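Understanding the architecture of this molecule
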Amino acid sequence: MSRTIMKNFSWQRGTGNGRLFILCLLLFVVSAFFSFWFAFPADLLQQRLLQKVSQQTGTEMRGHNASMLFPLGLELDLTIFPAIAELNDLQLLGLRVTPGWGNLFSGKVAVNLQGALAGGKIEVDAATDGWIDTSFSDIALAPLQHPDLSYQVRGLLSGQIVDVNIAADNKPGGEFSLQIDGARLVGLEKVGLSADLLIGDLSLEGKVGRQRLNLEKISLLGGVLELSGGGNIMLGETASQTRLNLNIRLHPTATTPESLLDLLSLTGVRPTVDGSYLLRLGGTLLKPIIR
């Protein structure tokens, strides 16, 4: 019987030692991983990442306050310097760069980016073969525009741009839907209108080309005018090089100021039977021309 007791004691002791060994090994692996991960030079990873993106896109950018994320990822504040004179430098705060876990087994290496821009949120899913999906919500337009612009658009921008391919050998393709809530035009006192004119909620839907936006649907409701229409925009490097070709129908409302109707009459366009105005909008984004 004493042998049996000693045998059981030895087995329990051996089992306990085994468990202790496994626990110590596990703690060692975990502590080693954490030590490596949090000691990893986040600034170096940030530098290499932004260098690669800048080379691919031709956009200048600078990162700040980089730190590693668990289990995999990088967080930083990012400043983008767009090559468009009408735009301010863009400040992306708390940008989290992590693997696109949903695509790990699909054959596409993807990355997910989430951050804050102008008081709103932006999220991007990008694959190494050039495909990009972007969604954003409640981004204030005022901080994005250079303060010296003669005319500015205010409001909160939301929407998505999907199935766009930015690879050099492919056409971008893709579709977009955009919404500007509470859109306002600022600076119209130069043409005899209110300095801050509420134009309502604007929505746009269409397709993206390499240098072209096809606007399949334009709708404006809830402001001094109602609007519908479509057309296309030929994209340039600046607002003065971006050309418009839009067909617009304007519907005056009870809140339409007389000064705006007087301004429409100066274009030579006459109202139709239902009181609406059919306009062809050309020229550039900086200096549109009404025909």
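This section reports on the structure supplied with the text.

Rules used in this analysis
Residues numbered from 1 in each chain as written. Predicted model: local features only at pLDDT ≥ 70, side-chain atom pairs only at ≥ 80, totals over all residues. Heavy atoms only, no water. Helix = DSSP H or I, 4+ residues; strand = E, 2+ residues; numbered from the N terminus. Buried < 20%, exposed > 50% of the residue type's maximum accessible area, 1.4 Å probe, protein only. Contact = heavy atoms within 4.5 Å. Areas by Shrake-Rupley, 256 points an atom, 1.4 Å probe, with all protein chains shown as cover. Polar contact = N/O pair within 3.5 Å; in protein donor to acceptor, adjacent residues only side chain to side chain. Salt bridge = Lys/Arg side-chain N within 4 Å of Asp/Glu carboxyl O. Patch = residues over 30% accessible without salt bridge, like charges linked within 9 Å, V, L, I, M, F, W, Y side chains within 5 Å. Pairing = 2+ DSSP bridges. Core = buried A, V, L, I, M, F, W, Y, C linked by side-chain atoms within 4.5 Å.

Here we come to the overall build of the protein chain. Regarding its fold elements, the protein chain presents three helices and 14 strands. Out of the 291 residues belonging to the protein chain, those deemed buried represent 32%. Considering only intrachain contacts with a sequence separation of at least 6, the fraction spanning at least 24 residues in the protein chain is 39%. A total of about 18100 Å² of accessible surface is found on the protein chain, and carbon and sulfur atoms cover 60% of it.

With respect to the helices and strands, Thr256 occurs in the loop between strand E12 (243-252) and helix H3 (258-266). Polar contacts involving the side chain of Thr256 include one to the main-chain carbonyl oxygen of Val224, which spans 2.4 Å. Separated by 2.7 Å, the side chain of Thr256 and the backbone nitrogen of Thr253 make a polar contact. The residues touching Thr256, leaving out its near neighbours within four places in the chain, are Val224, Leu225 and Leu261.

Moving on, we get to the environment of Leu92. Along the chain, Leu92 falls in strand E3 (residues 90-99). Ignoring anything within four residues of it in the chain, the contact list for Leu92 reads Leu76, Asp77, Leu78, Ile80, Ala116, Leu117 and Ile122.

In this section: the pattern of salt bridges. Scanning all chains against the criterion turns up three salt bridges. Glu175 is the salt-bridge partner of Lys207, the closest N and O atoms lying 3.1 Å from each other. Of this pair, Lys207 sits in strand E9 (residues 196-208) while Glu175 sits in strand E8 (residues 175-186), and the two are 32 residues apart along the sequence.

A few words on a nonpolar patch on the surface. There is a patch of nonpolar side chains on the surface, built from Tyr151, Val191, Leu263 and Leu266 and spanning about 370 Å² of accessible area. Looking at where Val191 falls in the secondary structure, it is placed in the loop between E8 and E9. Note on Val191: relative accessible area 36%, which makes it partly exposed.

A separate point is the pairing of strand E11 (residues 225-234). With seven bridges connecting them, strand E10 (residues 212-221) and E11 associate as antiparallel partners. Residue Arg212 lies in a different strand from E11, and its bridge partner there is Met234. In this structure, the hairpin formed by E10 and E11 is closed by a connection of three residues, where Gly222 is found at a positive phi of approximately 90°. By the bridge criterion, ten bridges tie E11 to E12 in an arrangement that is antiparallel. When the bridges of E12 are listed, Glu226 appears paired with His251.

So, about the side chain of Asn112. Relative to the helices and strands, Asn112 resides in strand E4 (residues 110-117). For Asn112, a relative accessible area of 8% translates into the label buried. Side chain to side chain, Asn112 and Asp125 meet in a polar contact 2.8 Å long.

Another point: the environment of Gly230. By the element assignment, Gly230 lies in strand E11. For Gly230, a relative accessible area of 16% puts it in the buried group. Spatially, the C-alpha atom of Gly230 lies 8.0 Å from that of Asn214, the residues being 16 residues apart in sequence. In this structure, Gly230 is in contact with Leu215, Ile218, Leu246 and Asn247, ignoring residues within four places of it in sequence.

To continue, consider the environment of Ile161. Within the fold, Ile161 resides in strand E7 (residues 152-165). Distance from Ile161 to Ser135, taken between C-alpha atoms, is 6.4 Å for residues 26 residues apart in sequence.

Once that is clear, we can look at the nonpolar core. Most often, soluble globular proteins keep nonpolar side chains buried together rather than apart. In this structure, Leu76, Leu78, Leu117, Leu215, Ile218 and Leu250 are the most contacted members of the largest nonpolar core, which totals 48 residues. With sequence-adjacent residues up to four places away left out, Leu250 is seen in contact with Leu225, Glu226, Leu227, Leu264, Ser276, Tyr277 and Leu279.

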